[in-house]
Amino acid sequence: MARRPIIAGNWKMNMGLEEANDFITMMVPLCEDSYAECVFCPPYIDIIRALEITSNSGIEIGAQNMHWEDAGAFTGEIAGKMLKDLGVTFVIIGHSERREHFAETDETVNKKTKKALEIGLTPIVCCGETLEQREAGDAKNVVVGQIEKDLADIDDVTKVVVAYEPIWAIGTGKTATNAQADEACGWVRETIAKMYGQDAADAVRIQYGGSVKPDNIVELMQEPNIDGALVGGASLTKDFEKIVNYDKY
Ligand code: PGA
């Protein structure tokens, strides 16, 4: 089954409103005709402006997190439904930085993923092992365990995007080799196949993330299990256009 590639930029806690405005305005004409689906995930405060600038461009806007309840006493949180009502279409869930610094667990990732799907947001569910886990030969167990919990009891798994991001490759300049990245994305697909059947697994798009740059994206995209990238640092610069349009360079 043909899976449309998907390249998403995770800005993390970078770019206030004016900077975001200028950057997205510059990027829209460069990215709007991409073969790959192109998603910008700016901080919450930039989202309304980002949606205005990208309207009718085919470029999608995602959030970096959401709460699973629609409303309530959750100081400092943003509901998935609030994002959906604005016109947001994607949401990153369970990024390793949220797991590490903000007590995100497989249980909360699962709740958020189910809620996102229920309200019509496409979740980009993140998984990936630490360096210690990889060196101990535990990478596969960790990734399989995360997917089993994060994607448990989902109605239509084909609507989920998974991002495999080895933690040791995030922001370090150290990319997984193409073979390592493809192998781990294969573990994700295999696990989904066991949970939901091969056809469903074949329809799920799996991204690689971790120091993706213009000079490694082309090779990564040739791997059979890799359908795109979740890009951090390089999504804050013009380099992102070269990654999104990897098929044209
Ligand atoms: P990086 O970040 O591209 O800067 O390594 C990837 C991510 O955290 O999603």
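Residues numbered from 1 in each chain as written. Predicted model: local features only at pLDDT ≥ 70, side-chain atom pairs only at ≥ 80, totals over all residues. Heavy atoms only, no water.

## Things to note about the environment of valine 88
Relative to the helices and strands, valine 88 resides in the loop between α3 (80-86) and β4 (90-93). Classification of valine 88 by relative accessible area gives buried; the value is 1%. Valine 88 sits 40 residues away from isoleucine 48 along the chain, and the two C-alpha atoms are 8.9 Å apart. (Helix = DSSP H or I, 4+ residues; strand = E, 2+ residues; numbered from the N terminus. Buried < 20%, exposed > 50% of the residue type's maximum accessible area, 1.4 Å probe, protein only.)

## Thoughts on the packing of aromatic side chains
Think of a pair of aromatic rings as described by two things: how far the centres are apart, and how the planes are tilted against each other in angle. Across all of its chains, the model carries four aromatic pairs by this definition. Consider the rings of tryptophan 11 and phenylalanine 40, whose centres lie 6.3 Å apart with planes at 90 degrees: the pair is edge-to-face. Taken as a pair, tryptophan 11 in the loop between β1 (6-10) and α1 (17-31) and phenylalanine 40 in strand β2 (residues 37-41) lie far apart in primary sequence, 29 residues in all. The exposure class assigned to phenylalanine 40 is buried, which follows from its relative accessible area of 0%. By the ring-pair criterion, three or more aromatic residues cluster together here, those being Trp11, Phe23, Phe40 and Phe240. (Phe/Tyr/Trp six-rings, centres within 6.5 Å; stacked < 30°, edge-to-face > 60°.)

## Examining the sheet that holds β4
As a general point, the strands of a sheet are linked pairwise by backbone hydrogen bonds and lie either parallel or antiparallel. With respect to topology, eight strands assemble into a closed barrel ordered β1-β2-β3-β4-β5-β6-β7-β8, the strand pairing being parallel. Strand after strand, the sheet turns through a mean of 25 degrees between neighbouring axes, direction not considered. Sheet analysis places β4 next to strand β5 (residues 122-127), joined by four bridges and oriented parallel. Of the residues in β5, the one forming a bridge with valine 91 is proline 123. Contacting β5 and β6 (161-164), helix α7 (residues 139-150) runs over the sheet at an angle of about 150 degrees to β5. (Pairing = 2+ DSSP bridges. Axes fitted to C-alpha atoms, helices over the stretch in contact; angles between N-to-C directions. Contact = heavy atoms within 4.5 Å.)

## Re the pairing of β4
Of the two faces of β4, both are covered, the one formed by Phe90 and Ile92 as well as the one formed by Val91 and Ile93. In this fold, the crossover linking strand β3 (residues 60-63) to β4 by way of α3 has right-handed handedness. (Right-handed = clockwise from strand over helix to strand, strands pointing away.)

## Considerations on the nonpolar core
Generally speaking, soluble globular proteins have nonpolar side chains that are buried together. Ranked by internal contacts, the top residues of the largest apolar core, which has 66 residues, are Ile7, Phe40, Leu151, Val162, Ile192 and Tyr208. Those residues in contact with valine 162 that sit more than four places away from it in its chain are Val125, Cys127, Ile147, Leu151, Val188, Ile192, Val204, Arg205, Ile206 and Gln207. Of all hydrophobic cores here, the second largest spans eleven residues; its members include Ala8, Cys41, Ile92 and Ala163. (Core = buried A, V, L, I, M, F, W, Y, C linked by side-chain atoms within 4.5 Å.)

## A word on the site of the ligand
Every one of the 13 residues lining the ligand counts as a neighbour, but Lys12, His95, Glu165, Gly171 and Ser211 are closest to it. Between an oxygen atom of the ligand and a side-chain N or O atom of glutamate 165, the distance comes to 2.7 Å. Backbone polar atom of glycine 233 to an oxygen atom of the ligand: 2.8 Å apart, as the coordinates give it. In the shell around the ligand, the residues fall into four nonpolar, seven polar and two charged. (Near = heavy atom within 4 Å. Polar contact = N/O pair within 3.5 Å; in protein donor to acceptor, adjacent residues only side chain to side chain. Nonpolar A, V, L, I, M, F, W, Y, C, P; charged D, E, K, R; others polar.)

## Some thoughts on the pairing of strand β7 (residues 205-209)
The element β7 is largely enclosed, with a buried count of five among its five residues. Burial along β7 is two-sided: Arg205, Gln207 and Gly209 facing one way and Ile206 and Tyr208 facing the other are all buried. Examined bridge by bridge, β6 and β7 share four bridges and lie parallel to one another. By the bridge assignment for β7, tyrosine 164 is matched with tyrosine 208. Taking the sense of rotation as the criterion, the β-α-β connection linking β7, helix α10 (residues 214-221) and strand β8 (residues 228-231) turns out right-handed.

## Regarding α1
Helix length check: α1 (15 residues) gives 20 Å between terminal C-alpha atoms against 21 Å at 1.5 Å per residue, within 8%. All of the buried residues along α1 are Ala20, Asn21, Phe23, Ile24, Met27, Val28 and Cys31. In this structure, the buried side of α1 is in contact with β2, α2 (47-54) and α11 (239-244). (Expected span 1.5 Å × (residues − 1).)

## What about the environment of tyrosine 249?
Examined against the element boundaries, tyrosine 249 turns out to sit in the segment after α11. Counting along the chain gives 187 residues from tyrosine 249 to glycine 62, while the straight-line C-alpha distance between them is 26 Å. Once residues within four sequence positions are removed from consideration, tyrosine 249 is found in contact with Glu241 and Lys242. A polar atom in the side chain of tyrosine 249 sits 2.9 Å from the side chain of glutamate 241.

## Notes on unusual backbone geometry
Within the chain, lysine 12 stands out as a residue other than glycine whose phi angle is a positive 55 degrees. With a phi angle near 75 degrees, methionine 15 is a residue other than glycine that sits in the positive phi range. You can see methionine 15 is positioned in the loop between β1 and α1.

## What to know about the side chain of arginine 189
In this fold, arginine 189 is placed in helix α8 (residues 178-196). Within the structure, the side chain of arginine 189 is placed 2.8 Å from the side chain of asparagine 225, a separation counted as a polar contact.

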